[in-house]
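The primary structure of each chain is shown beneath.
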Amino acid sequence: MAQKTIDTYDASQIQILKGLEAVRRRPAMYIGDVSIRGLHHLVNEVVDNSIDEALAGYCNSIEVIINKDSSVTVKDNGRGIPVDIHPDQQRSALEIVMTVLHAGGKFDKKAYKVSGGLHGVGVSVVNALSEWLVAEVSRDGKVYRQEYERGIPVTSIKTVGRRKTTGTKITFLPDGEIFKKRNFSFHIISERLRELAFLNSELKIAIQEEKSGKQETFRYRGGLLEFIQYLDQGRNPVIRKPVYFSAERDRVPVEVAFSYNDSYTENIYSYVNNIHTIEGGSHLVGFKTALTRSLNQFAIKNKLLKGKDPNIIGEDVREGLTAVISCKVADPQFEGQTKTKLGNSEVKGIVEGIVNEKLSLYLEKNTSIGRKIIEKCKSSAKSREAARKAKELTRRKSALENDTLPGKLADCSIQNKENTEIFLVEGDSAGGSAKQGRNRRFQAILPLRGKILNVERRSVEKMLSNEEIRTIVSALGTGIGRSDFDIEKVRYNKIIIMTDADVDGAHIRTLLLTFFFRHMRTLIEQGHLYIAQPPLYRIWAGNSEHYVYDEEEREKVYKSLTASAKNKVNVQRYKGLGEMNPEQLWRTTMDPDGRTLLRVTIEEAFEADHTFSTLMGDNVEPRRKFIEENAKYVRNLDV
Ligand code: 0RA
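Residues numbered from 1 in each chain as written. Predicted model: local features only at pLDDT ≥ 70, side-chain atom pairs only at ≥ 80, totals over all residues. Heavy atoms only, no water.

Quick notes on the packing of helix H15 (residues 467-476) against helix H16 (residues 503-519)
Applicable threshold: Only C-alpha atoms enter the line fits that serve as axes; for helices the fit covers just the stretch in contact. Angles between N-to-C directions range over 0 to 180 degrees. Only DSSP runs of H or I covering at least 4 residues are called helices, and only runs of E covering at least 2 are called strands; the numbering of each starts at the N terminus. If an angle is under 35 degrees, it is roughly parallel; if it is over 145, roughly antiparallel; if it lies from 65 to 115, roughly perpendicular; otherwise it is oblique. When the near helix sits turned anticlockwise from the far one by under a right angle, the crossing is termed left-handed; a clockwise turn instead gives a right-handed crossing. Note on contacts: a residue pair qualifies if any of its non-hydrogen atoms lie within 4.5 Å across the two residues. The nonpolar class holds Ala, Val, Leu, Ile, Met, Phe, Trp, Tyr, Cys and Pro. Asp, Glu, Lys and Arg form the charged class, and all remaining residues, Gly among them, are polar.
Closest axis-to-axis distance for the H15/H16 pair is 13 Å, and the angle between their directions is 55°. Taken together, the axes of H15 and H16 are oblique relative to one another. Considering how the two elements wind past one another, H15 and H16 form a crossing that is right-handed. Only Leu512, Phe515 and Phe516 of H16 make contact with H15, whose side of the interface consists of Ile469, Ile472, Val473 and Leu476. Along the lines of polarity and charge, the residues of the contact of H15 with H16 split into seven nonpolar, no polar and no charged.

What about the sheet that holds strand E24 (residues 537-541)?
The condition that has to hold: Between any two strands, pairing holds if DSSP finds at least two bridges.
If you trace the three strands from one edge of the open sheet to the other, you get E25-E24-E26, paired in antiparallel fashion. Both edges of this open sheet fall to strand E25 (544-548) and strand E26 (570-573), since each of them pairs with a single strand only. The sheet shows a mean angle of 15° between the axes of neighbouring strands, taken without regard to direction. Sheet analysis places E24 next to E25, joined by five bridges and oriented antiparallel.

Some details on helix H18 (residues 551-564)
For the α-helix, the turn length of 3.6 residues means that residues three or four positions removed from each other point alike. For clarity, the threshold we go by: Helix span, expected: 1.5 Å multiplied by one less than the number of residues in the helix. In protein, a polar contact means a hydrogen-donor-capable atom and an acceptor-capable atom, both N or O and within 3.5 Å, with residues adjacent in sequence counting only if both atoms are side-chain atoms; elsewhere, any N or O pair within 3.5 Å suffices.
With 14 residues, H18 extends 20 Å from end C-alpha to end C-alpha; this agrees with the ideal 20 Å at 1.5 Å per step. With a side-chain oxygen positioned 3.2 Å from the backbone nitrogen of Glu552, the residue opening H18 is Asp550.

Focus on helix H3 (residues 36-55)
Quick note on the threshold: Three labels apply to residues, based on accessible area from a 1.4 Å probe with only protein chains included: buried if under 20% of the type maximum, exposed if over 50%, partly exposed otherwise in between.
Across its 20 residues, H3 extends 28 Å between first and last C-alpha, which sits within 8% of the 28 Å expected from 1.5 Å per residue. Within H3, 16 of the 20 residues are buried, which leaves it mostly tucked inside the rest of the structure. Immediately beyond the C-terminal end of H3, within one or two residues, lies Gly57, with a positive phi of roughly 95°.

Re the nonpolar core
Nonpolar side chains tend toward joint burial in soluble globular proteins. This is how it is decided: Working definition of a nonpolar core: buried Ala, Val, Leu, Ile, Met, Phe, Trp, Tyr and Cys residues. They are joined through side-chain atoms within 4.5 Å.
Of all hydrophobic cores here, the largest spans 100 residues; its most connected members are Phe172, Ile422 and Phe516. In terms of residue count, H3 provides more of this core than any other element does, eight residues in total. Residues contacting Phe172, with those up to four places away along its chain left out, are Leu42, Val43, Val46, Ser71, Val72, Val126, Ser130, Trp132, Leu133 and Phe184. Grouped together as the second largest cluster of nonpolar side chains are 40 residues, Phe258, Leu291, Leu304 and Ala323 included.

Things to note about the site of the ligand
How we decide: Being near a molecule or strand, for a residue, means having at least one of its heavy atoms within 4 Å of it. Computed with a 1.4 Å probe, the accessible areas rest on the Shrake-Rupley method; for each residue, only the protein chains presented here act as cover.
Neighbouring residues of the ligand: 11 residues in total, closest Glu53, Asp76, Arg79, Ile81 and Arg139. Asp76 places a polar side-chain atom, nitrogen or oxygen, 2.6 Å from a nitrogen atom of the ligand. With respect to the ligand, the side chain of Arg79 contributes an N or O atom lying 3.4 Å from an oxygen atom. For the ligand, the accessible surface in isolation is 460 Å², of which the surrounding protein chains cover 85%. Residues belonging to the shell around the ligand are distributed by class as follows: three nonpolar, three polar and five charged.

In structure tokens:
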């Protein structure tokens with residue numbers, strides 16, 4: 001018998017090593033990629049485990065620390081991961097959670113889970129991809145500690161102290177063999193933590209960065225209500241206070257908050273178990289249906305719609321709407337390209353029912369707010385009707401014009417769109433270099449001039465009166481607007497944004513990302529949108545020449561050249577694309593064999609959209625504050 005258990009133990013040991021090896025061999029399969037994005041995924045994964053403990057009702061405080069040595073600590077005051085020996089496995093739950101892929105769920109049957117949802121890979125993946133990881137658990141009056149290297153335990157669980165409180169503390173250093181860059185961004189981590197704090201009003205989340213001394217604590221007792229105020233800080237509100245309600249049906253808790261502002265854009269953020277469902281799904285459909293229905297009912301009941309008024313349709317109800325809907329689902333099914341679309345069909349009816357009931361009640365009690373909203377919807381309906389009539393007229397007139405390509409576009413010569421690219425280039429001079437440097441067979445260039453436009457405040461019709469936007473739309477060939485956009489018509493496979501590596505460049509990039517996010521989202525969802533990475537420096541000595549893309553690399557290259565070269569080492573900083581000659585631009589930034597392209601994810605576009613709203617809304621104060629606070633970080637802000 002004893003013999004047998006040892007065999008099983010050895011067998012499972014081999015299984016574990018195989019699992020860790022698989023993660024290390026193909027990390028992208030588990031965390032998306034090994035860029036800055038994948039690096040931050042690691043922190044999310046660990047934080048998600050603490051969030052699960054909070055959702056279960058056992059944790060109300062989470063702390064993240066970016067340590068001096070670039071490791072990250074995530075601390076919570078939950079129950080602590082159990083450390084007792086699991087009878088079948090002859091290992092502690094802690095060791096199993098930390099080393100076995102997808103082991104998380106075995107030990108805690110929790111009602112709602114973040115981990116296992118979107119990120120879903122479990123903290124063992126973080127462990128496998130870390131040079132080292134230390135887990136400390138406070139439980140039963142003691143502090144337990146176990147250390148790992150590249151996922152493998154290098155100590156047993158040791159008692160290292162006594163403590164009355166409970167909790168889990170995980171510190172890890174991502175593996176330099178896997179991640180080229182290991183610097184965590186305070187900003188990127190903060191944005192997710194802030195979002196989590198809005199979504200969980202009971203929760204206090206703190207972050208600090210040891211090196212800079214920066215720190216922030218997020219605690220929003222107002223929950224979604226404060227979330228809406230935060231999202232709309234750059235806009236002018238139409239109603240005084242956001243509408244808020246929550247209820248639970250069939251063990252699905254639902255929370256909704258929304259407000260109206262005087263812009264033309266629709267901003268709905270939907271969440272399931274704290275995961276941002278960018279592609280929406282059944283809960284969002286339920287919300288939209290109920291919103292349209294309740295507002296129409298209110299309007300009719302209060303005789304606010306007269307015979308000559310056009311009907312209020314969904315589109316009208318969502319113009320200038322900022323809304324957050326958050327629900328918890330025990331067994332969420334995530335679908336779609338980015339696995340962020342809720343598939344559970346029963347949730348539609350649940351959300352719809354709750355919103356119908358609660359919103360009707362709210363409107364009955366707050367008729368003056370209801371009247372303001374209906375007024376706004378009616379004016380949206382009127383402009384929609386007017387725009388439709390105007391379009392019908394111009395469509396006949398301009399059928400021919402629409403077929404001609406813009407004069408500024410230097411198109412490529414091949415027609416097969418599978419292999420073509422278009423560069424949207426900031427400025428005429430850089431545009432000139434790009435035109436000369438490109439491979440004209442498959443690369444098209446469209447130079448854009450200066451500030452493009454404020455996409456925030458304008459309806460599609462007004463936006464199209466802007467020349468730069470018209471040029472982009474007509475070069476891409478897709479059309480624009482809810483009824484006219486057709487991705488099948490896109491004329492290029494890759495759409496590449498190429499801007500200067502300075503604040504203005506970042507600004508224009510944010511603008512373009514926001515434009516694509518709002519009006520051509522499927523282009524992003526289907527992976528057609530990219531950002532070019534021009535070098536920041538050229539460093540040369542004698543006939544050795546290097547192009548480098550960040551400060552860290554610059555120091556490295558500079559040191560190695562100074563050590564080896566007999567000649568003087570020269571450094572040239574590129575302030576703009578225009579400083580490169582066509583040949584250099586081709587070699588460093590455009591040549592598919594030498595360049596790095598960043599594919600824009602929907603998450604990043606969402607971030608840009610959000611940054612943009614804060615930056616460029618109507619209100620000057622939040623914009624000024626934002627620029628002051630973030631001027632230094634603008635480079636990693638937008639990419
Ligand atoms: C398994 C079981 C229990 C808690 C946890 C895991 C847990 C995991 C993590 C990860 C980060 N923080 C965490 N906090 C708790 C339940 C243990 C019990 O029943 O006491």
